[in-house]
Amino acid sequence: MADERTAPGPDIAPGAMTEYLTDEWAFFIRSARELERFRSPFQSVEVHDSVPFGRLFRLDGHFMTSERDEFFYHEMLVHMPGIAHPAPERALIVGGGDGGSAEELLKYPTIKSVKLCEIDLAVVDISRKHLASVHKGAFDDPRLELCIGDGFAFVRETTEQFDLIVLDLTDPGGPSTLLYTPEFYRACAARLRPMGAMTLHVASPVAHPSRVRDGLAALREAFPIVTPYLASIPLYGGMWMMACCSAGLDPRRITAHEVDRRLAQRGVGDLQYYNGDVHRAALALPNFVRDLAGAGQGPAGGR
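Being a predicted model, the structure only gives us computed values, none of them experimental.

Concerning empty space enclosed by the protein
Here is step 1: Under the counting rule described, the total for this entry stands at three cavities of 30 Å³ or more.
Here is step 2: Size it by volume and the largest cavity reaches roughly 390 Å³.
Here is step 3: Together, 31 residues line the largest cavity, and G95, G96, D168, L169 and T170 are the ones closest to its centre.
Here is step 4: Going through the elements one at a time, β4 (54–59), β5 (62–66), α1 (70–84), β6 (90–95) and β7 (113–118) are the ones with two or more residues in the lining of the largest cavity.
Here is step 5: The dominant element in the lining of the largest cavity, judged by the number of residues it contributes, is β5, at three residues.
Here is step 6: Looking at side-chain class alone, the lining of the largest cavity contains 14 nonpolar, eleven polar and six charged residues.

Brief notes about helix α7 (residues 209–220)
Here is step 1: For α7, built from twelve residues, the straight-helix expectation of 16 Å at 1.5 Å per residue is met to within 8% by its first-to-last C-alpha distance of 17 Å.
Here is step 2: Taken residue by residue, α7 has S210, R211, V212, G215, L216, A218 and L219 as its buried positions.

Details of the sheet that holds strand β10 (residues 192–203)
Here is step 1: If you walk across this open sheet you meet the seven strands as β8-β7-β6-β9-β10-β12-β11, and the pairing is mixed. Two strands in the sheet have a free side with no partner beyond their single neighbour: β8 (144–148) and β11 (225–233). Across the sheet, the mean angle separating the axes of adjacent strands is 20 degrees when strand polarity is ignored.
Here is step 2: Of the pairings in the sheet, the one linking β11 to strand β12 (residues 238–246) comprises nine bridges and is antiparallel in character. Bridge pairing in β12 places I233 opposite G238.

Considering unusual backbone geometry
Here is step 1: Even without glycine at this site, K136 takes up a positive phi of about 50 degrees.
Here is step 2: If you trace the backbone, K136 turns up in the loop between α4 (132–135) and β8.

Quick look at the pairing of strand β2 (residues 25–39)
When a strand is regular, its side chains alternate between the sheet's two faces.
Here is step 1: With six bridges connecting them, strand β1 (residues 16–22) and β2 associate as antiparallel partners. By the bridge assignment for β2, T22 is matched with W25.
Here is step 2: Where β1 hands over to β2, the hairpin turn is made up of two residues, counted between the paired strands.
Here is step 3: Two elements, β2 and strand β3 (residues 44–50), share seven bridges in a ladder whose sense is antiparallel. Note that in β3 the partner of R39 across the bridge is S44.
Here is step 4: Connecting β2 to the next strand, β3, in antiparallel fashion are four residues.

What counts as what
Residues numbered from 1 in each chain as written. Predicted model: local features only at pLDDT ≥ 70, side-chain atom pairs only at ≥ 80, totals over all residues. Heavy atoms only, no water. 1 Å grid on protein atoms, 1.4 Å probe; cavity = no way out; pocket = protein on both sides within 12 Å on 5 of 7 lines; lining within 4 Å. Points joined across faces, edges and corners; volume = space filled by probe spheres on them. Helix = DSSP H or I, 4+ residues; strand = E, 2+ residues; numbered from the N terminus. Nonpolar A, V, L, I, M, F, W, Y, C, P; charged D, E, K, R; others polar. Expected span 1.5 Å × (residues − 1). Buried < 20%, exposed > 50% of the residue type's maximum accessible area, 1.4 Å probe, protein only. Pairing = 2+ DSSP bridges. Axes fitted to C-alpha atoms, helices over the stretch in contact; angles between N-to-C directions.

Bear in mind that shape data such as this cannot, by itself, settle questions of function.
Given below as structure tokens:
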């Protein structure tokens, strides 16, 4: 896919964890204490205590999630399609071993089962041990089924149909490379019910413009409706694009008032980021992002 985001360089000061977005652009978070550092069969795993973000989780030197800002990412990844869907019952998460996406999905009273397919058991184990404030006990919910294995193989081989598929993945590279291809997206589309939707994070429109263009083009090879939207994710450096993909579900066709009505009706609470106004605002793309996103991304629905 895109090549803007490079391997992390050396940390710039004692205790400073550095994230390189491009060769010329990086930011750092100081670690107050390293809690874990080891290499799993798939990737380098770290957990730190940090002052600004609390417990913070890294894979291969890239920031994945933290106690204090995980809701920016997980709420926007899950509730944009979840609230637009009339009554989601069955969901699949590919990746998401920290449990944050599962915790958000399990807030829906109609959800009967969530399958979480994570390739690296070490991610789940480290999250159980250190990130309880992220997953909030989701791993112990009887509706959650944990599947340790390759996400592509699972999607290709299962005969199950899902209302929601959440791709909660690392950036392209390593174990996740094949999960950013039209072939995988078509396999996911085949596993969705008629009103089902798939969501995923795409990239930073500022740091990774070619990844945005290429990623949306790949998604459009598999889905008739591809709706890009934006969230602000502090741990990832700011503006970040996500996308909701479907054959029949378009989150642009739901108003802010209807979002808030459904949240209340369904009892989906404990939200720190997502609401009706945020739903509509996330779909409003700046002009330079519209240019990256391509044609057909004008506004739909209303307030």
